[in-house]
Amino acid sequence: MSDVPGAPADLLRSLTRAERLLSRRLGAVLADDALSIEAWRVLCLLSDGQGHPMSEVSAEASLPPGTLTKLVDQLVDRNLVFRRIDPVDRRRIRAYLTARGRREHARLDERVRASLAELGVEQAADLISHLDDLIGCLDPARQREHADASGPHR
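Predicted model only: the values in this text are computed from it and were never measured.

Cut-off values and rules
- Counting starts from 1 at the beginning of each chain's written sequence and moves along it residue by residue.
- With pLDDT at 70 or above as the cut-off, local features in this predicted model cover only qualifying residues; side-chain atom pairs require 80 or more to be listed or tallied, and sums for whole chains, interfaces and linings still use all residues.
- No hydrogens and no water enter the side-chain calculation; it runs on all heavy atoms of the structure.
- Throughout, an axis means a line fitted to C-alpha atoms (over the contacting stretch in the case of helices), and angles, computed between N-to-C directions, take values from 0 to 180 degrees.
- A helix here means a DSSP run of H or I that spans at least four residues, while a strand means a run of E at least two residues long, and both kinds are numbered starting from the N terminus.
- Orientation labels follow simple angle bins: below 35 degrees gives roughly parallel, above 145 gives roughly antiparallel, 65 to 115 gives roughly perpendicular, and whatever is left gives oblique.
- The contact definition used throughout considers only heavy atoms, calling two residues in contact when any of these lie within 4.5 Å.
- Each salt bridge in this description consists of a side-chain nitrogen of Lys or Arg and a carboxyl oxygen of Asp or Glu lying within 4 Å of one another.
- Burial classification: accessible surface area is computed with a 1.4 Å probe over protein chains only, and a residue below 20% of its type maximum counts as buried, one above 50% as exposed, and the rest as partly exposed.
- Two rings from Phe, Tyr or Trp (for Trp, the six-membered ring) form a pair when their centres are within 6.5 Å of each other. A pair whose planes differ by under 30 degrees is stacked, one over 60 is edge-to-face, and the rest are tilted.
- Patch members must show over 30% relative accessible area and no salt bridge, and they are joined within 9 Å when carrying like charges or within 5 Å when they are nonpolar side chains of Val, Leu, Ile, Met, Phe, Trp or Tyr.
- A 1.4 Å probe and the Shrake-Rupley method give the accessible areas. Residues count as covered only by the protein chains that appear here.
- In this description, strands pair whenever DSSP reports at least two bridges between them.
- Definition of nonpolar core: a set of buried residues of the types Ala, Val, Leu, Ile, Met, Phe, Trp, Tyr and Cys, connected through side-chain atoms within 4.5 Å.

**Student:** Would you explain the packing of helix 2 (residues 37–46) against helix 4 (residues 65–77) in this entry?
**Tutor:** For any two helices packed against each other, the geometry is given by the interaxial angle and the distance between the axes. Orientation of helix 2 relative to helix 4, taken along the N-to-C sense of each, is 75 degrees, at an axis distance of 11 Å. Overall, the two elements helix 2 and helix 4 adopt an arrangement that is roughly perpendicular. For the pair formed by helix 2 and helix 4, the contact residues are Glu38, Ala39, Val42 and Leu43 on the first element and Leu68, Leu71 and Leu75 on the second.

What follows is the structure, encoded as C-alpha cells:
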C-alpha cells in the first residue's frame, strides 16, 4: 500500500479486493444452483431479451471465446440458453435466454439483490456510475463511441 492516499496502487488494490470479495459472496449465493459467476454474467447480459452475438457475450463476460462456448454449451444443456443464427448476418450466432432461463435469472437476481442488500450498500448506484466513468476513461473503444456520438468538434 502506498503512503500517498489515493495513489494508483491503492485504487488497483481496492478494486481487485472488492471484486474478489464480491465474487466470493455472490458465488456462495449461486452455488446452491450450481451456477458460476461467469454463467451469472452471461445470464445477466442475455436477460435484456435482445439476443447477443457470441463475440459480444465473450467480451462482456470477460471470457475467451473457447471458454464461453463451453459455458454456453452447459447453459444450453440446462435449458437456460439457446443459440440461433443471426438473421442479419448469417455468419454470426446469437445467444438468448429460454423461458426457463428468464425465470431462473429473475429468481437468482432476487437472491443476489437480497445478499447485496444485507451489506447495506445504499450508494451502489453511485459506485456503479463512478466505475462506469472510470471504465469509460480507460477503455479506448468507449472513448471512440463517445467521440462519435458527440459529433465533430470545432
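Moving on from the model shown.
**Student:** Is there a simple way to explain the pattern of salt bridges in this structure?
**Tutor:** Note that side chains of opposite charge can pair when their charged atoms are close. Scanning the entire structure with this criterion turns up 10 salt bridges. Two residues, Arg25 and Glu118, come together in a salt bridge whose shortest N-O distance is 3.0 Å. Remark: Glu118 occurs in the loop between helix 5 (99–117) and helix 6 (124–138) and Arg25 occurs in helix 1 (residues 8–31); sequence separation between them is 93 residues. What makes Arg25 partly exposed here is its relative accessible area of 28%.

**Student:** Teacher, can you tell me more about the packing of aromatic side chains here?
**Tutor:** How two aromatic rings sit relative to each other is set out by the distance from centre to centre and by the angle between their planes. Applying the stated rule across the entire model yields one aromatic pair. Their ring planes at 15 degrees and their centres at 5.1 Å tell us that Phe82 and Tyr96 sit as a pair that is stacked. One end of the pair, Phe82, is in strand 2 (residues 81–85); the other, Tyr96, is in strand 3 (residues 93–97), with 14 residues separating them in the sequence. Residue Tyr96 is classed as buried on the basis of its relative accessible area of 19%.

**Student:** How do you make sense of a nonpolar patch on the surface when you look at a structure like this?
**Tutor:** A cluster of nonpolar side chains, Leu22, Leu116 and Leu119, forms an exposed patch at the surface whose accessible area comes to about 230 Å². Among the structural elements, Leu116 can be located in helix 5. For Leu116, a relative accessible area of 30% puts it in the partly exposed group.

**Student:** Even after reading the chapter, I still don't get the sheet that holds strand 2, so can you show me in this structure?
**Tutor:** Two modes of strand pairing occur in sheets, parallel and antiparallel, and in both the strands are linked by backbone hydrogen bonds. Here we have three strands laid out as an open sheet, ordered 1-3-2, and antiparallel in their pairing. Two strands bound the open sheet, and with one partner strand each, they are strand 1 (52–53) and strand 2. In this fold helix 2 packs onto strand 1, strand 2 and strand 3, with an angle of close to 90 degrees to the strand it touches most, strand 3.

**Student:** Whenever I open this one, unusual backbone geometry confuses me. Can you help?
**Tutor:** Peptide bonds are trans in most cases, and residues, glycine excluded, mostly fall at negative phi. If you check the backbone angles, Ala34 has positive phi at about 50 degrees while not being a glycine. Among the secondary structure elements, Ala34 is positioned in the loop between helix 1 and helix 2. Unlike most non-glycine residues, Ser62 shows phi in positive territory, near 55 degrees.

**Student:** What am I meant to see in the nonpolar core here?
**Tutor:** Within soluble globular proteins, side chains that are nonpolar tend to cluster in buried spots. Leu35, Val42, Leu75 and Val81 are the most contacted members of the largest nonpolar core, which totals 25 residues. Those elements that provide at least two residues to this core are helix 1, helix 2, helix 3 (54–60), helix 4, strand 3 and helix 5. Every residue in contact with Val42, bar those within four places of it in the chain, is listed here: Val57, Ala61, Leu68, Leu71 and Leu75.

**Student:** Can you help me understand the pairing of strand 3 in this one?
**Tutor:** Remark: a regular strand shows side chains that alternate across the two faces of the sheet. Of all the five residues making up strand 3, four are buried; the element is thus mostly covered by neighbouring parts of the structure. Pairing geometry for strand 1 and strand 3, over two bridges, is antiparallel. Its bridge partner being in strand 3, Pro53 is matched across the sheet by Arg94. Sheet topology places strand 2 next to strand 3; five bridges connect them, and they run antiparallel. Bridge pairing in strand 3 links Val81 to Leu97.

**Student:** What is the right way to read the environment of Val57 from this model?
**Tutor:** Position of Val57 among the secondary structure elements: in helix 3. The spatial distance from the C-alpha of Val57 to the C-alpha of Val72 is 9.9 Å, given a sequence separation of 15 residues.

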